[in-house]
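Each chain, letter by letter, is given below.
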Amino acid sequence: MINKIHLVAAVIATLCIATFFTSTILVELFGSHESIATVKGLIVMPGLFILVPAIAATGGTGFVLSKNRTGRLVDNKLKRMRFIGANGLLVLLPAAIVLDQWAATGSFDTKFYIVQGLELLAGAMNLLLMSLNMRDGLKVTGKLPSGAFFRAK
């Protein structure tokens, strides 16, 4: 059961970040300031209220599942999860809140776009690391052959 909770939470968290990332890029390229403000608002509410519990559930169940496993893949997943969590708490969460506030007041200036760039970079990093964790999780459980796709280092 805990395996299924871990899988569902990880998929929800990854889809949330991918949705935030994609919608941000699309609205920045093709949207108005009003649509940017709408997307930023939706990322904060309800987006973060879906993402934060999903990340917490993924991390918590992952640590429980790792207690019975050892090896390079498990160690790599744990290291990545620490970075994903720190990146989320220290960069993505504050950036989402600040960008939402600035967008709501129409403050689309240089600082908005600098923070936006940092948020996109941090989001891309978390997507990559979460994808690597999914790949390694599938390898650990035997659902993905060890030579599939690209090699873990």
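Whatever comes next refers back to the structure up there.
The shown structure was predicted, so the numbers you read here are calculated from the model rather than taken from an experiment.

Conventions and cut-offs
- Residues numbered from 1 in each chain as written.
- Predicted model: local features only at pLDDT ≥ 70, side-chain atom pairs only at ≥ 80, totals over all residues.
- Heavy atoms only, no water.
- Helix = DSSP H or I, 4+ residues; strand = E, 2+ residues; numbered from the N terminus.
- Buried < 20%, exposed > 50% of the residue type's maximum accessible area, 1.4 Å probe, protein only.
- Contact = heavy atoms within 4.5 Å.
- Areas by Shrake-Rupley, 256 points an atom, 1.4 Å probe, with all protein chains shown as cover.
- Lys, Arg positive; Asp, Glu negative; His and termini not counted.
- Charge placed at Lys NZ, Arg CZ, Asp CG, Glu CD.
- Phe/Tyr/Trp six-rings, centres within 6.5 Å; stacked < 30°, edge-to-face > 60°.
- Core = buried A, V, L, I, M, F, W, Y, C linked by side-chain atoms within 4.5 Å.
- Axes fitted to C-alpha atoms, helices over the stretch in contact; angles between N-to-C directions.
- Left-handed = near helix turned anticlockwise from the far one by under 90°.

Attention shifts here to the overall build of the protein chain. Scanning the protein chain from N- to C-terminus turns up four helices and zero strands. Each helix (α) and strand (β) of the protein chain, taken in turn from the N terminus, gives the series α-α-α-α. Taken over the C-alpha atoms alone, the protein chain extends approximately 50 × 30 × 20 Å along its principal axes. Taken across its 153 residues, the protein chain has 40% of its residues classed as buried. For the protein chain, restricting intrachain contacts to residue pairs at least 6 apart in sequence, the fraction spanning at least 24 positions comes to 74%. Total accessible area on the protein chain stands at roughly 8900 Å², and carbon and sulfur atoms take up 72% of it. In the protein chain, the 15 positive side-chain charges and the 7 negative ones have mean positions that sit 21 Å from each other.

Before going further, it helps to spend a moment on the packing of aromatic side chains. Applying the stated criterion to the full structure yields two aromatic pairs. Seen in terms of ring centroids, Phe108 and Phe112 are 5.0 Å apart; in terms of plane orientation they differ by 70 degrees. Their pairing is edge-to-face. Across the pair, exposure class does not vary: Phe108 and Phe112 are buried alike. Ring geometry for Phe112 versus Tyr113: centroids 5.0 Å apart, planes at 75 degrees, classification edge-to-face. Members of the aromatic cluster, joined through ring pairs, are Phe108, Phe112 and Tyr113.

On to the nonpolar core. Grouped together as the largest cluster of nonpolar side chains are 26 residues, with contacts concentrated most on Phe20, Leu48, Leu51 and Phe112. Listing elements by their share of this core, those giving two or more residues are helix H1 (2-30), helix H2 (33-66), helix H3 (72-104) and helix H4 (110-140). With eight residues, the top contributor of residues to this core is H2. Beyond its immediate chain neighbours, meaning those up to four positions away, Leu48 contacts Phe20, Ile43, Pro53, Leu93, Ala96 and Ile97.

For the rest of this paragraph, the subject is the packing of H1 against H4. As a packed pair, H1 and H4 sit with axes 10 Å apart at the nearest point and diverge in direction by 145 degrees. Handedness of the crossing formed by H1 with H4: left-handed. Along its contact with H1, which presents Ala10, Val11, Ala13, Thr14, Ile17, Ala18, Phe21, Thr24, Ile25 and Glu28, the element H4 presents Phe112, Tyr113, Gln116, Leu120, Gly123, Ala124, Asn126, Leu127, Met130 and Met134.

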